[in-house]
Structure formats: C-alpha cells, structure tokens
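Analysis of the macromolecular model
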Amino acid sequence: MKIFHSINEFHSNKKTILTLGTFDGVHIGHAAILKKLTQNTADGKFESAVLTFFPHPRMVLQGKSDLKLLNTINEKIDLLEKIGIENLIIHPFDANFSQLSAEEFVKTVLVDQLHIQKIIIGYDHRFGKNRTANINDLTAFGLKYGFEVEQISAQEINDISISSTKIRTALEDGEINLANEYLGYSYFLSGTVVKGKQLGRTIGFPTANIELEEEYKLVPKNGVYIVAAEIDGKSVYGMMNIGFNPTVQGKKRTIEVHFFDFDSDIYDRHIRVAILQRIRSEEKFESVEFLKIQLGKDKDFSIQYIQNL
C-alpha cells in the first residue's frame, strides 16, 4: 500500500475509485464499504484509494476536544493495508481545509488532485464547509465533472448498524465482547514496554508496563482483562490490569500485563496487546496477600478461557 501524507503528494498513472472518511476503528461497517472499493478495482483498470484525515476533524473543529480514538494513525494504516487498499491519503485536517466549499472540495481535491473515476459513499455522508452538501449534491457534481457516484444504501448501513461512537461507548463501559463484535477483530493497545515499580515481581506476578504510543488512544474501562500478544513470532497469552493499583496506593493509571509462561526481557520493545475478555473490575484489597490470592484466581480463569478458544 502506498501512503501519501497530503493530497498534494498523491500521484498515479491511473484514475482512482475512492472512498473517504475518518474510518476510526476500521470496523465491520467500514469494512463493507472498503470491500466494495476493492471489488471495483479488481480488474486493474483503476486504483483503489482511501482519503482520510488527521487530526480527526472533531479535534480541530471543537477546540480542546477530549475525543479518544479507537486507532492511532499507525494502527489505522496497518488495518487498511490488510484489507488490500492500494493508496492511502492521510491529509492534514486544519481550519483552512474545513472552509472549502463542497464544490471547491470536489473540484480541487477529488477531481484535480485525486483524479477520481468513481466515489463510493454512504447515503448519509455530508461534506464541504459546515457539512452542508449531501449525496444529491455529490451526484450533481459527478455529472458536472465526469465521475460516478456509488451510494451505500440506508438498508446496507442499517443492516450493519455499527458506528465508531457505539464502539467507544462499549469500551468505556467495559463491554469488550460487544466492542470486538462490532470491530470484527479484538481491540488492541499498542505501546512500548517500560519499567514500572516492579511490585508484581515480588508477589509472583511480574508485569510488562505498557506506555501507549499516543495519548489520544482510547483505553477501556479500568479492570482486569484476558489478553494476547505476538512476540518474536509466537502467540503469548496473559492478563492485563488497567487502573490505579489501589491496594498499593497507586497514584497513576497504568496498563500492566502479566504474560503466562513467558520470561523474556522485552523492556523498550514495542508490542501490541489484543483484548479478548474482561474478567472483573479493579478492586482494593485488604492486603497484598489478598491481592495475590485474587490474581491466582484470575490466572486460573484466564487459562481455562484460553484453553477453550
């Protein structure tokens, strides 16, 4: 997949069939649109292209937005590449870009820069300054500038009935199974393994502390989860605690993973941890000894769950 960090960087010898959006999560609803895109370019006459934006438009237009995203930009790139997209254009979204009228956007961006033959879009998509234009306007521009418009019908969208907002809400509520169902894959966190207080090591549960690669990444509700990671080409399972470690008076929210049957040094390594199942909420125990007993129960539950995968 070719990656362009601005519409001005894009170049191709062929016309493109394009879709556009933020695609946060690249969930099963997005996948339905993207599948149509790849089907339209399977004969090689045109190239598939996805236009997305970074930062997320809401982060720009709403000032100090506290919006958390399902994917970092690097994670989104990986997910789109797996689907088979040929060209990904990540355009910097700013106040000036938001002021383009609908026709300016169509003419200068879609037609002149991205050379579209066809655009595939949801029936409810709105675009242009203040999002005033709709699918009917886009169809009219298509007739004027010589490109096709394929509309994803309301029925197709409603059959899937998925949105990034629904997934964010599920994760914030700790409903990891629902979030994973909507995503079509296990939600994951990416980051670097850093040194923590190493308290887990003293009670027989050493942990890898994960420092996320981006602050805007959404972290699920505090609690204990069953997780999986691929390290050095091998699948490794474990359990992860998200929270403040109240039993030992923790002051900072941390993400700590105890991997099962694994003792390699992975400090400073970048890893991706997939979240499979929520076990319980974070609790404050009467003592570290009680915490240790509960962790043993959590581990037994996790291993039984993994054996039944």
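Here's a quick rundown of the structure. Keep in mind that what you see is a predicted model, and the values were worked out from it rather than measured.

A few words on the pattern of salt bridges. Within the structure shown, the criterion is met by ten salt bridges. When the shortest N-O distance is used, the salt bridge between Arg-168 and Asp-24 registers 2.8 Å. In this pair, Arg-168 sits in helix α8 (residues 164-172) while Asp-24 sits in the loop between β2 (16-20) and α1 (28-40), placing the two residues 144 residues apart along the sequence. Judged by its relative accessible area of 8%, Arg-168 falls in the buried class. Overall, Asp-24 belongs to the buried group, its relative accessible area being 2%. Among the salt bridges present, the one from Lys-217 reaches Glu-75, with a minimum N-O distance of 2.7 Å. With Lys-217 in the loop between β8 (208-212) and β9 (223-231) and Glu-75 in helix α3 (residues 73-83), this pair connects stretches of sequence that are 142 residues apart. Three or more residues joined by partner-sharing salt bridges are found here, namely Lys-36, Lys-118 and Glu-150.

The subject of this paragraph is the nonpolar core. Ranked by internal contacts, the top residues of the largest apolar core, which has 52 residues, are Leu-34, Ile-167, Leu-171, Tyr-187, Met-240, Phe-259 and Ile-275. If we skip the residues at most four places from it in the chain, Ile-167 touches His-27, Leu-70, Ile-162, Ala-179, Tyr-182 and Leu-183. Formed by 27 residues, the second largest nonpolar core is a distinct cluster that contains Ile-7, Phe-97, Leu-110 and Phe-147.

Moving on: the packing of α8 against helix α9 (residues 176-183). Running from N to C, α8 and α9 cross one another at 155°; their axes reach a closest spacing of 8 Å. As summarised for this structure, α8 and α9 are arranged roughly antiparallel, according to the angle between their axes. For α8 against α9, the interelement crossing comes out left-handed. Contacts from Lys-166, Ile-167, Ala-170 and Leu-171 of α8 reach α9 at Ile-176, Leu-178, Ala-179, Tyr-182 and Leu-183. Classifying every residue of the contact of α8 with α9 gives eight nonpolar, no polar and one charged.

Each value, and the rule that gives it
- Within every chain, residues take consecutive numbers counted from 1 along the sequence as written.
- Confidence filtering applies because this is a predicted model: local features only for residues at pLDDT of at least 70, side-chain atom pairs given and counted only at 80 or more, and all residues used for totals across whole chains, interfaces and linings.
- Think of the side-chain values as coming from all heavy atoms in the structure, minus any hydrogens and water.
- Criterion for a salt bridge: a side-chain nitrogen of Lys or Arg within 4 Å of a carboxyl oxygen of Asp or Glu.
- Each helix corresponds to a stretch of at least 4 residues labelled H or I by DSSP, and each strand to a stretch of at least 2 residues labelled E; elements are numbered beginning at the N terminus.
- Only protein chains enter the area calculation, which uses a 1.4 Å probe; residues under 20% of their type maximum are buried, those over 50% are exposed, and those in between are partly exposed.
- Residues belong to one nonpolar core when they are buried, are Ala, Val, Leu, Ile, Met, Phe, Trp, Tyr or Cys, and are joined through side-chain atoms within 4.5 Å.
- Here, two residues are considered to be in contact whenever any of their heavy atoms come within 4.5 Å of each other.
- To obtain an axis, a line is fitted to C-alpha atoms, over the contacting stretch when the element is a helix, and the angle between two such axes runs from 0 to 180 degrees between their N-to-C directions.
- An angle below 35 degrees is read as roughly parallel, one above 145 as roughly antiparallel, one from 65 to 115 as roughly perpendicular, and any other as oblique.
- By convention, the crossing between two helices is left-handed when the near helix turns anticlockwise from the far helix through less than a right angle, and right-handed when the turn is clockwise.
- Amino acid classes used here: Ala, Val, Leu, Ile, Met, Phe, Trp, Tyr, Cys and Pro are nonpolar; Asp, Glu, Lys and Arg are charged; the rest, including Gly, are polar.

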